[in-house]
Amino acid sequence: APSLSYATRNPSRSTEIAREMSAIRTAEPFGEGVPFGDPGWYTKFNSPYYTQSHVEYRAKVRAFVEKEIMPHTHEWDEKKSLPLELYRKTYEAGILPGVVGSPWAGGMGAQLDVKGPKDFDYFHELIILDEFGRCGSGGVLWGLLEGVHIGLPPVLNFGSEDLRRRCGLRVLRGEATICLCITEPYAGSDVANIRCTAKKSPCGQFYVVDGEKKWITNGVWADYFTVAVRTGGAGMGGISLLLIEKTMPGVQCRRMDCMGVWASGTSFITFDNVKVPVGNLIGAENNGFKYIMHNFNHERWGFVVQANRFARVCYEEAFKYAHRRRTFGKRLVEHPVIRAKLADMVRQIDATHHQMENITYQMCTMPKEQSAKALAGITALAKVQSTKVFEYCAREAAQIFGGASYVRGGQGEKVERLYRDVRAYAIPGGSEEIMMDLGVRQAMKEWDAVQSRM
């Protein structure tokens, strides 16, 4: 049953959950049946987190991914792009508005033709990212969902009603695309020291933007750019967020050739004397750093979900291959060393998944202002955990596949591709080193607060 604190904060929702408890007891397995190839609640284990709404939505998302995404993943990754009409398809399937956090469509759901699942929450969003991860391509997942997942929430959460309608609704409907522009050639995790400037015009009606952004997901096909700019003095207190539109003169994008996530449209973007109406300011001037930090928790949580599913894909592919491949007169899986590799993968994947579900539960039950502070450290550490597990599983799966994992396409296709995608999860969104430091600094602050009360 829900905890007292949850029931106190959400009495109607907890009553609904109590009526639907049968839904979180696994009646019959879902999926292909590979042991540990899916989260525990898909198979034989009960869970306190999911209701019938989640069960039904899981089936809906999986059906879409298996029909519209997985048959084309290799082709799109090799082409380093995907068809833009896919955005509209994903909207019409009732999925795209589900990747911007809770509530459904960032509070714009009433203005959409497509309705969300009953009692939409962060576990529904988890299901989307987790199921799309089954395609085994960070590039395809990012190419379709990541720009919306990280670029649109600042507009929906802090933008004016005009920006929410003019940009937000178009992106949610799959009619336009968006990207988040924070990282620069000289400032990645060090967000407070970005150099891209936005200076007010003498008439006071525009910001004039000059600067560069690098490693920007979806940049080459984005219609909108959520851009961190310097409107004030040095440091975090001088940063604002602007919504820049591709049609504005002075915006230039070029694709970057990277190690992995090929279909994500990673871009180098130049803003040269771009005039941006002051109405495109997101929130208040010089408050951008706060908005970016608020957005980071959701972005990093998304990385955790994706990276851990990719680790699970590596395990699942290796498990199945080890049952087919024969060496020295017996199946690979009959060799103790191979079973040990599989066991090491599983124990790390499932431990990470449970941590992820716990964080997701806090996101669902804590007030947003509280969760922004309380979850920053643990989410940062979870990102490190998930990317290290992903890297471990990609390596071990490649060892099990042997030469088959060294070839683009064929039996080892997913493992080869995911091996290249690892660094795109370990570095963007906050490198592992920065995330570990953040997690411990957060713990130190909490400890200092405890000590001060003693």
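So, a few notes on the structure that sits alongside this text. (Residues numbered from 1 in each chain as written. Predicted model: local features only at pLDDT ≥ 70, side-chain atom pairs only at ≥ 80, totals over all residues. Heavy atoms only, no water.)

### A short note on the overall build of the protein
Here is step 1 of the chain: The secondary structure content of the protein amounts to 15 helices and 10 strands.
Here is step 2 of the chain: Dimensions of the protein, computed from the C-alpha atoms along their principal axes, are close to 80 × 50 × 50 Å.
Here is step 3 of the chain: Counting all 454 residues of the protein, 57% fall into the buried class.
Here is step 4 of the chain: Restricting the contact set of the protein to residue pairs at least 6 apart, pairs at least 24 apart contribute 75%.
Here is step 5 of the chain: A total of about 19000 Å² of accessible surface is found on the protein, and carbon and sulfur atoms cover 54% of it. (Helix = DSSP H or I, 4+ residues; strand = E, 2+ residues; numbered from the N terminus. Buried < 20%, exposed > 50% of the residue type's maximum accessible area, 1.4 Å probe, protein only. Contact = heavy atoms within 4.5 Å. Areas by Shrake-Rupley, 256 points an atom, 1.4 Å probe, with all protein chains shown as cover.)

### What about the side chain of T73?
Here is step 1 of the chain: Structurally, the position occupied by T73 is in helix α4 (residues 73–79).
Here is step 2 of the chain: T73 sits in the buried class, given a relative accessible area of 1%.
Here is step 3 of the chain: Setting aside anything within four residues of it in sequence, one finds T73 in contact with C135, S137, V140 and R417.

### A look at the packing of helix α6 (residues 122–132) against helix α7 (residues 138–151)
Here is step 1 of the chain: At their nearest, the axes of α6 and α7 sit 11 Å apart, and the two run at 155 degrees to each other. As judged from the angle between their axes, α6 and α7 are roughly antiparallel. Judged by the twist between their axes, the crossing of α6 over α7 is left-handed. Contacts from E125, I128, L129 and F132 in α6 reach L141, L144, L145 and H149 in α7. (Axes fitted to C-alpha atoms, helices over the stretch in contact; angles between N-to-C directions. Parallel < 35°, antiparallel > 145°, perpendicular 65-115°, else oblique. Left-handed = near helix turned anticlockwise from the far one by under 90°.)

### A few points about the pairing of strand β4 (residues 224–230)
Here is step 1 of the chain: When you tally the buried positions in β4, you get 7 out of 7 residues, the bulk of the element.
Here is step 2 of the chain: Side chains Y224, T226, A228 and R230 of β4 all project onto a buried face; the interleaved residues F225, V227 and V229 project onto the opposite face, where all are buried too.
Here is step 3 of the chain: In this structure, strand β1 (residues 178–181) lies alongside β4, joined through 4 bridges in parallel fashion. For L180, the partnering residue across the bridge sits in β4 and is T226.
Here is step 4 of the chain: Inspection of the sheet shows β4 paired to strand β5 (residues 239–245) by 7 bridges, in the antiparallel sense. Along β5, the bridge assignment pairs A228 with L241. (Pairing = 2+ DSSP bridges.)

### Topic: the nonpolar core
Here is step 1 of the chain: The biggest cluster of nonpolar side chains holds 111 residues, and the ones touching the most others in it are I69, F132, L145, L152, L342 and F390.
Here is step 2 of the chain: With 18 residues, the single largest contributor to this core is helix α10 (residues 288–324).
Here is step 3 of the chain: I216, V229, F271 and V276 belong to the second largest nonpolar core, which has 20 residues in total. (Core = buried A, V, L, I, M, F, W, Y, C linked by side-chain atoms within 4.5 Å.)

### Observations concerning the packing of α10 against helix α14 (residues 413–426)
Here is step 1 of the chain: As a packed pair, α10 and α14 sit with axes 10 Å apart at the nearest point and diverge in direction by 155 degrees. The angle between the axes of α10 and α14 places the two elements in the roughly antiparallel class. Considering only the axes of α10 and α14, their crossing is left-handed. Residues F303, Q306, A307, F310, V313, C314 and E317 of α10 touch α14, and the partners they reach there are K414, V415, L418, A424 and Y425.
Here is step 2 of the chain: A class-by-class count of the residues in the contact of α10 with α14 yields 9 nonpolar, 1 polar and 2 charged. (Nonpolar A, V, L, I, M, F, W, Y, C, P; charged D, E, K, R; others polar.)

### Considering the packing of aromatic side chains
Here is step 1 of the chain: Taken as a whole and judged by the stated rule, the model has 20 aromatic pairs.
Here is step 2 of the chain: Consider the rings of W41 and Y42, whose centres lie 5.0 Å apart with planes at 80 degrees: the pair is edge-to-face.
Here is step 3 of the chain: You can call Y42 buried: its relative accessible area is 1%.
Here is step 4 of the chain: Ring geometry for W142 against Y425: centres 5.1 Å apart, planes inclined by 45 degrees, an arrangement best described as tilted. On the criterion of sequence distance, the pair formed by W142 in helix α7 and Y425 in helix α14 is long-range, its members being 283 residues apart. Across the pair, Y425 and W142 agree in class, each one buried.
Here is step 5 of the chain: By way of ring pairs, the aromatic residues F30, W41, Y42, Y49, Y50, F123 and Y361 are connected into one cluster.
Here is step 6 of the chain: Stacked on the ring of W262, the Lys or Arg K80 has its end atom at 5.0 Å from the ring centre.
Here is step 7 of the chain: Cation over ring: R300 sits above F296, and NZ or CZ is 4.1 Å from the ring centre. (Phe/Tyr/Trp six-rings, centres within 6.5 Å; stacked < 30°, edge-to-face > 60°. Lys NZ or Arg CZ within 6 Å of the ring centre and 35° of its normal.)

### Observations concerning α14
Here is step 1 of the chain: Between the first and last C-alpha of α14 there are 21 Å, a value that for 14 residues agrees with the 20 Å anticipated at 1.5 Å per step.
Here is step 2 of the chain: Considering bend angle alone, the principal kink of α14 is centred on R420 and spans about 35 degrees.
Here is step 3 of the chain: Most of α14 sits inside the fold, with 12 of its 14 residues counted as buried.
Here is step 4 of the chain: Every buried residue of α14 is accounted for by E413, K414, V415, E416, R417, L418, R420, D421, V422, A424, Y425 and A426. (Expected span 1.5 Å × (residues − 1). Bend = angle between axes of the 7 residues up to and from the residue.)

So yeah, pure geometry; function would need other evidence.
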